[in-house]
Each structure stands twice: as structure tokens, then as C-alpha cells.
Amino acid sequence: MSGRAPDVLVVGGGLIGCALAAELAGRGVDVTVLDRDEPGAEASGAAAGMLTPQSEAQARDAFFDLGIESRGMYPRWIARLSDETGMDTGYRSCGFLQCRFAGETAGDFEWQRALGLRVVAESGETLGARTGGRLSPHVNGAFFFPDEAVVDPRLLTRAAWLSALRRGARVRTQVAVLGFVIEKGICRGVETSEGRVPAGAVVDAAGAWAAFEGALPLRLPIEPVRGQIVALRLPAPPFDALVAASDVYLVPRPDGSVLLGATMERVGFRKAVTADAVARLIGAAARLMPSLGDAVFASAWSGLRPATPDALPVLGASPVPGLYFAAGHHRNGILLAPVTATIVADLLTGGPKRDLSAFSIERFAPALHLA
Ligand SMILES: Cc1cc2nc3c(=O)[nH]c(=O)nc-3n(C[C@H](O)[C@H](O)[C@H](O)COP(=O)(O)OP(=O)(O)OC[C@H]3O[C@@H](n4cnc5c(N)ncnc54)[C@H](O)[C@@H]3O)c2cc1C
């Protein structure tokens, strides 16, 4: 590779890498993204796209606050991406209906109401109305979260990629990062399939591959968690909101397809789609909404979530000067993309400081091994 060394090199062009590159380029930073495939080829292209920090949260913590903040950034982010690229990313603030069957205990969301967040207890008629009467009669209660939202992550990743390019970032596809250049304890760039690329700073945003199997100068505990999704097709969008039971979620798309998700499997880097998972997802969806049994099977796919031991992302600086992380977003990387881009760009450009201790790699300090 030739040309001047970029100020910042982003390793990995998933939604996290592309969103960060666009943010940095918008602030005038010379930034290059390297992806061994192309943006959206991995988890960001496989995700369901739910922006749902409220429905699974059990208590307020730093992660909950981060999710709420990021969801709140979405409308402006989407509007900006749409202005810059002309793309519709499928963003809808459609709400999320968390259903429970007879015998299942209701969660307690009073603490969210106390924070001023909207949570509506539903039963009987109001419940049926949200889904056009399609829910199983065995569903006897639900919570509706009106402010939860959804986006099409494939379109969003493409829009973030385009935005990064329009703002002057370089996005180099089919370039694999093989190692990190450490000189006198400082990260000065990366080794790639096309040679050494020097840089002022390097951000590891390589998703489930971010641990780099020993090629990083420290141990980053991130491992893949496979998620499989089934897409069914109906003649028209059957309902508007996201709908879930404890074992499946349903994501309606405007074209009439409904995504059924998703498995959580620790099977290493194997991205296979299995008969068992497809059967279980369809079975769980039909139990929740029996009429889905008549839908046409459209497709199924899988992706690898980047998971840390505590399921929180790793954001920010590392003990190695010049090396930063925007990784480990596990089940929430689509939700957390705009806030991640802002946080890491702030760090790299001297923006406002914030407490990142909950997300720092230093929390794994006993396991950190500096090479
Ligand atoms: C089935 C499923 C459903 C999901 N649903 C949701 C959801 O509803 N809401 C939500 O918020 N999140 C969801 N997620 C999680 C979300 O998809 C991830 O957290 C997010 O996509 C992570 O983004 P990323 O950019 O870090 O990783 P990725 O999108 O995986 O991108 C990493 C990139 O790094 C590149 N790369 C890897 N190694 C190298 C290397 N050596 N050199 C160069 N490039 C490299 C890859 O090619 C890839 O493009 C879901 C995930 C799955 C699998």
C-alpha cells in the first residue's frame, strides 16, 4: 500500500467500523478502514436490527444507560445518513411487544417508569389489537415498549460505508489484517495481506475476530456466539411492532417478510445454518403466532456475535498506546453503533471525556497479558 499514513486505521468494516470511520472523517480525521471481506459481510449483515435496550433490561446500569443513549441518537443519525446517501435504512420506531404465556411470570419494569421511560402493560383486547388478533390464545399478558425501534442492518451498514466514503474516509476491502506493529511499546500500524500499513492510531473493530488469536499485543477475551435467523414471507406486513416470547422474536419488515430470531450458540467460528435451529425457530414462532405456520419459507442465515465474558462491549483506549478498541458488542452492536462511534471518535479527537470504566479492557486486568 502506498500514500501517507492515515491518522487512524480502523480494522474491520462492520457497522461499528464504518460508523466510526464516518464519524472521524466528519471531524476532519484522515481515516482508513481495512476489511478482509467487505462491510456487512459478517454480523452486521446478519443481525435482526432491533434497537431494544428496554425490553430485556432487569436493572439500571452503565450498559442500560448506553443503550438508551444510543437509541436516542438514532433519529438524527438516520436522518443524516439519509441526507448524505439518499438511502432508506428501514428505521422505524415501531415498539416492542414482550409476550408471556400462562404460567410465565411478568417482569418488573417500574424502575424504568421511574426513569421516565414508557412501558405499557397489555392484556386482553389491547394485546390482540397490536397484532391483528394473530397472537396465540395462550398468551395472557405482555409489556409494550413504545419507544423501541428497528432498522435494516444490511442497509444501515451500507449507508454508513457510503457516508464514510463521502466524508473522505478510505474503505479498503479484501485486505486482511494479520498482526499489529508495536514499536517501543506503541502501536504504530498493522501488518496486512498487502503489506505493512503505518498509522497514528489503530482501532480494533474486527467483531468476533477482534481477539486476533494471539496476534494482538494483549489478550482480548472476545469469542463468537452464533446466531441463526429464519425469514418467512407473507403477502403483506402482518403487524407493525416487534413481537417476542421468551424463546423467539419476530421482526416484521415492510416487504411482508418476518424474521424469526435468534439462536445463541457457542460453536466457534462455524457459520452453518442447522436444521435443528430452523425447526426450533419456526416452532417457537408458530407457538406465539399460529398463523405463521402458513407463511412461505424464504431463507435462513447465521452470523457470529462478538461476545465478551460479561457481555459488555470493549470501548476506548488500551494499555498499549496507539491501540484502541470498538469491539465486543455481542447482541447489541446495531443498537450501540452511533454511541460507539461518538465515544471512540471523542477519545481520538480530544472530545468530551466520559467514564468508560465499565467498558474498558482494563476490567479484564487479571487476564490481560502484555506480550
Ligand atoms: C443473528 C444475529 C442477530 C442480531 N440481532 C441484533 C439486533 O437485533 N440488534 C443489535 O443491536 N445487534 C444484533 N446483533 C449483534 C450485531 O450484529 C453485532 O453486535 C454487530 O454487528 C457487531 O458489529 P461489528 O462491526 O463489531 O462486527 P462485524 O459486523 O462482524 O464486522 C467485523 C468486520 O471485521 C472484518 N474482519 C474480521 N477479521 C478481520 C481481519 N483480520 N482483517 C480485516 N478485517 C477483518 C470482518 O470481515 C467484518 O466485516 C445480532 C447478531 C446476530 C448474529
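Cut-offs applied
Each chain has its residues counted from 1, running along the sequence as written. Local features in a predicted model are, by the rule used here, given only for residues with pLDDT of at least 70; side-chain atom pairs are given and counted only at 80 or more, and totals for whole chains, interfaces and linings are based on all residues. Excluding hydrogens and water, the side-chain values take into account all heavy atoms of the structure. For the purposes of this entry, the term helix denotes a DSSP run of H or I that reaches at least four residues, the term strand denotes a run of E that reaches at least two, and both are numbered from the N terminus. We call two residues contacting when some pair of their heavy atoms lies within 4.5 Å. Centres within 6.5 Å make a pair out of two Phe, Tyr or Trp rings, where for Trp the six-membered ring is used; the pair is then stacked when the planes are under 30 degrees apart, edge-to-face when over 60, and tilted otherwise. Here's how the labels work: a residue is buried when its accessible area is under 20% of the maximum for its type, exposed when over 50%, partly exposed in between, all with a 1.4 Å probe on protein chains only. Here, over-ring charges are defined by two tests on the NZ atom of lysine or the CZ atom of arginine: distance to the ring centre within 6 Å, and angle to the ring normal within 35 degrees. Domain limits in this description derive from either an automatic procedure or a database domain assignment. The term buried area refers to how much accessible surface (probe radius 1.4 Å) is lost by two components on association, counted for both of them together. Just to be clear on terms, a salt bridge is a Lys or Arg side-chain nitrogen sitting within 4 Å of an Asp or Glu carboxyl oxygen. We define a polar contact as two N or O atoms separated by no more than 3.5 Å, with the added condition that, inside protein, one atom must be a possible hydrogen donor and the other a possible acceptor, whereas residues neighbouring each other in sequence contribute only through side-chain atom pairs. Here a residue counts as near a molecule or strand whenever at least one of its heavy atoms sits within 4 Å of it. Using a 1.4 Å probe, the Shrake-Rupley method yields the accessible areas, and only the shown protein chains count as cover for residues. Each residue gets one label: Ala, Val, Leu, Ile, Met, Phe, Trp, Tyr, Cys and Pro are nonpolar, Asp, Glu, Lys and Arg are charged, and the others, such as Gly, are polar. Any two strands with at least two DSSP bridges between them are considered paired. Convention adopted: a line fitted to C-alpha atoms gives each axis, helices being fitted over their contacting stretch, and angles between N-to-C directions are expressed from 0 to 180 degrees. Oblique is the label for every angle not falling under 35 degrees (roughly parallel), over 145 degrees (roughly antiparallel), or within 65 to 115 degrees (roughly perpendicular). Definitions for this section: a left-handed crossing has its near helix turned counterclockwise from the far helix by less than a right angle. A right-handed crossing has that turn clockwise.

Trainee: Any details on the side chain of H330? Residues and values, ideally.
Mentor: In this structure, H330 sits in the loop between β19 (323-327) and α8 (337-349). Contact partners of H330, with chain neighbours within four places excluded, come to V225, M264, R305, P306, A307 and A311.

Trainee: Tell me about the packing of aromatic side chains, and name the residues and values.
Mentor: Aromatic ring pairs: the centre-centre distance and the angle between the two ring planes describe each pair. Enumeration over the complete set of coordinates arrives at seven aromatic pairs. An angle of 80 degrees between the planes, with centres 5.0 Å apart, marks the rings of F109 and F145 as edge-to-face. Here F109 is found in the loop between β4 (96-101) and α4 (110-114), whereas its partner F145 is found in strand β6 (residues 139-145), with 36 residues between them in sequence. Just as F109 is buried, F145 falls in that class too. One aromatic cluster in this structure is built from Y74, W77 and Y91. In this structure, R36 packs its charged tip against the face of W209, placed 4.6 Å from the ring centre.

Trainee: Describe the domain arrangement of the chain, listing the residues and the values that go with them.
Mentor: Along its sequence, the chain is carved into domain 1 (8-85 + 153-221 + 309-367) and domain 2 (96-146 + 224-307). For domain 1 and domain 2, the distance between their C-alpha centres works out to 28 Å. Each partner contributes to the interface: domain 1 provides 29 residues, whereas domain 2 provides 27 residues. Together domain 1 and domain 2 conceal approximately 2,200 Å² of surface at their shared face, both sides included; 66% is due to carbon and sulfur atoms. Summed over the three residues of domain 1 that lose the most area to domain 2, namely M50, Q54 and H330, the buried surface amounts to 26% of that side. Counting the contacts that link domain 1 with domain 2 gives one salt bridge. As a salt-bridge pair, E42 and K271 come within 3.0 Å of each other at their nearest N and O atoms. The interface formed by domain 1 and domain 2 includes six residue pairs in polar contact (both at pLDDT 80 or more). Put simply, the parts of the chain that give the side of domain 1 that touches domain 2 at least two residues each are α2 (43-46), α3 (62-85) and α6 (153-166). Broken down by element, the residue count for the side of domain 1 that touches domain 2 peaks at three residues, all from α3.

Trainee: Outline the site of the ligand, listing residues and values.
Mentor: Taken together, 39 residues form the shell around the ligand, and within it D35, S44, M50, V177 and H330 come nearest. The backbone of L335 places a nitrogen or oxygen atom 2.8 Å from an oxygen atom of the ligand. Summarising the interface, the protein chains cover 98% of the accessible area of the ligand, which totals 1,000 Å² for the free molecule. Of all the elements in the fold, those that place two or more residues in the shell around the ligand are α1 (15-26), α2, β13 (223-233) and β17 (296-307). Residues belonging to the shell around the ligand are distributed by class as follows: 20 nonpolar, 12 polar and seven charged. Composition of the shell around the ligand by domain shows at least three residues from each of domain 1 (8-85 + 153-221 + 309-367) and domain 2 (96-146 + 224-307).

Trainee: So what's going on with the sheet that holds strand β1 (residues 8-11)? Which residues, and what values?
Mentor: The strand order β8-β2-β1-β12-β19-β18 describes an open sheet built from six strands, whose pairing is mixed. In this open sheet, the two strands that pair with only one neighbour each are β8 (170-172) and β18 (314-317). Across the sheet, the mean angle from the axis of one strand to that of its neighbour is 20 degrees, orientation sign disregarded. Pairing of strand β12 (residues 201-204) with β19 involves three bridges; the strand directions are parallel. In the sheet register, V202 faces β19, and the bridge partner there is L323. Running over the sheet, α8 touches β1, β12, β18 and β19 and is turned about 15 degrees from β18.

Trainee: Please give an account of the packing of α1 against α6 that cites residues and values.
Mentor: A pair of packed helices is captured by two measures, namely the crossing angle of their axes and the spacing between those axes. Relative to each other, α1 and α6 sit at 30 degrees, their axes nearing to 8 Å. With respect to α6, the element α1 is oriented roughly parallel. When the axes of α1 and α6 are compared, the crossing they make is left-handed. Contacts from L15, C18, A19, A21, A22 and A25 of α1 reach α6 at L156, T157, A160, W161, S163 and A164. Residue classes in the contact of α1 with α6 are distributed as 10 nonpolar, two polar and no charged.

Trainee: How would you sum up the pairing of β4? Please name residues and give values.
Mentor: In terms of residue burial, β4 counts as a mostly covered element, since six of its six residues are buried. Residues F96, Q98 and R100 line one face of β4 and the alternating positions L97, C99 and F101 line the opposite face, and both faces are buried. In terms of strand pairing, β4 meets β6 through six bridges, oriented antiparallel. Bridging across to β6, F101 finds its partner in V139. The pairing of β4 with strand β14 (residues 242-245) spans three bridges and is parallel.

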